[in-house]
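# Fold and contact review
What follows is the residue order along each chain.
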Amino acid sequence: MGILRIVLLSGPFKVGKSTVTVELVQQFGYLKISSSDHLRSLCPGVEQLDVAKARLRLQEAGDELDRKTDFRWVVDPVATSAVATAPEAFNWLFDAVRKKRQVEHFREKFGFAVMHVHLSAPDNVLRLRSGLSDTTYGIASSHPNEVSARSLIHIADRVFDTTLQTAHEIAKQIAQAGG
């Protein structure tokens, strides 16, 4: 019988969380826990919005749930429900942790099964990857959720600079660290 492992992935937007997620899922068999799917289910019509407006609407919905649940909604119901649907699965990935309190709730619920991984890259690289103007990038990177996500580097179990290693190399180290 395997041991439950839940990887929490944090970092700024355009750092490569999605690319590392794809590697963990496709190459190492992790199952993804999606807060975005949960938020989309609460925001009818968000699919018809352009990418920037949809992102903002989902952030607002998440912020509202954070206030109502003390950030617990990412664990109960989202993560707990996902894990319950596949009791035979042991490697899970939550790729959008953004607040310290969310990490704390995961640790309270799942204990030593949790490994928090933070991805980083120099700001000039993130700005280039974003494809946004300097002004738009500045606005996006100063959003409270983004500031909070970036600060999680200080409480992470592991930190990887995505300019120094490929997504596959990072995913391999994450998978090996857990087992």
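Just so we're clear, the structure is a prediction, and the values are computed from it rather than from any experiment.

### Description of the environment of Val159
- Note on placement: Val159 falls in strand E5 (residues 158-161).
- C-alpha of Val159 to C-alpha of Gly45: the two residues are 114 residues apart in sequence and 36 Å apart in space.

### Brief notes about the pattern of salt bridges
- If you walk through the whole model with that rule in mind, you get 16 salt bridges.
- Shared partners join several salt bridges into a network, and the residues in it are Arg98, Asp123, Arg127, Asp134, Glu146 and Arg150.

### Here's the deal with the environment of His105
- Mapped onto the elements, His105 comes out in helix H5 (residues 100-110).
- Apart from residues lying up to four places away in sequence, His105 is in contact with Asp70, Phe71, Arg72 and Val75.
- Reaching out from His105, the side chain makes a polar contact with the backbone oxygen of Asp70 at a distance of 2.7 Å.
- A distance of 3.1 Å separates polar atoms of two side chains, one belonging to His105 and the other to Arg72.

### Some remarks on the nonpolar core
- In terms of nonpolar packing, the biggest core is built from 28 residues, with Ile6, Leu8, Ile33, Trp92, Phe94, Phe106 and Phe110 touching the most fellow members.
- Top contributing element to this core by residue count: helix H4 (residues 75-85), with five residues.
- The residues touching Phe110, leaving out its near neighbours within four places in the chain, are Leu4, Ile6, Val75, Ala79 and Thr80.
- Of all hydrophobic cores here, the second largest spans 20 residues; its members include Val7, Val15, Ala121 and Tyr137.

### Some details on the environment of Ser120
- On the secondary structure map, Ser120 appears in strand E4 (residues 114-120).
- Spatially, the C-alpha atoms of Ser120 and Leu56 are 22 Å apart, while their sequence positions differ by 64 residues.
- Leaving out residues up to four positions away in the same chain, Ser120 has contacts with Val15, Ile153, Val159, Phe160, Asp161 and Thr162.

### Considering H4
- By the burial criterion, the buried members of H4 are Val75, Val78, Ala79, Ala82 and Val83. All buried residues of H4 project into a common sector of 115 degrees when viewed along the axis, lining one side. What points out from H4, more than 90 degrees from its buried face, is the exposed set Ala84 and Thr85.
- Lining the buried residues of H4 we find strand E1 (5-10), strand E2 (31-33), helix H2 (35-42), strand E3 (91-94) and H5.

### What to know about the layout of surface pockets
- The calculated volume of the largest pocket comes to roughly 1,400 Å³.
- Together, 45 residues line the largest pocket, and Phe13, Ser36, Arg55, Gln59 and Arg98 are the ones closest to its centre.
- Where the lining of the largest pocket is concerned, the elements lending two or more residues are helix H1 (17-28), H2, helix H3 (51-69), helix H7 (134-141) and helix H8 (144-151).
- Ranked by residue count, the leading element in the lining of the largest pocket is H3, at eleven residues.
- Within the lining of the largest pocket, the residues separate by chemical class into 17 nonpolar, 14 polar and 14 charged.

Conventions we followed
Residues numbered from 1 in each chain as written. Predicted model: local features only at pLDDT ≥ 70, side-chain atom pairs only at ≥ 80, totals over all residues. Heavy atoms only, no water. Helix = DSSP H or I, 4+ residues; strand = E, 2+ residues; numbered from the N terminus. Salt bridge = Lys/Arg side-chain N within 4 Å of Asp/Glu carboxyl O. Contact = heavy atoms within 4.5 Å. Polar contact = N/O pair within 3.5 Å; in protein donor to acceptor, adjacent residues only side chain to side chain. Core = buried A, V, L, I, M, F, W, Y, C linked by side-chain atoms within 4.5 Å. Buried < 20%, exposed > 50% of the residue type's maximum accessible area, 1.4 Å probe, protein only. Arc of directions from axis to C-beta. 1 Å grid on protein atoms, 1.4 Å probe; cavity = no way out; pocket = protein on both sides within 12 Å on 5 of 7 lines; lining within 4 Å. Points joined across faces, edges and corners; volume = space filled by probe spheres on them. Nonpolar A, V, L, I, M, F, W, Y, C, P; charged D, E, K, R; others polar.

Purely geometric numbers; function is a separate question.
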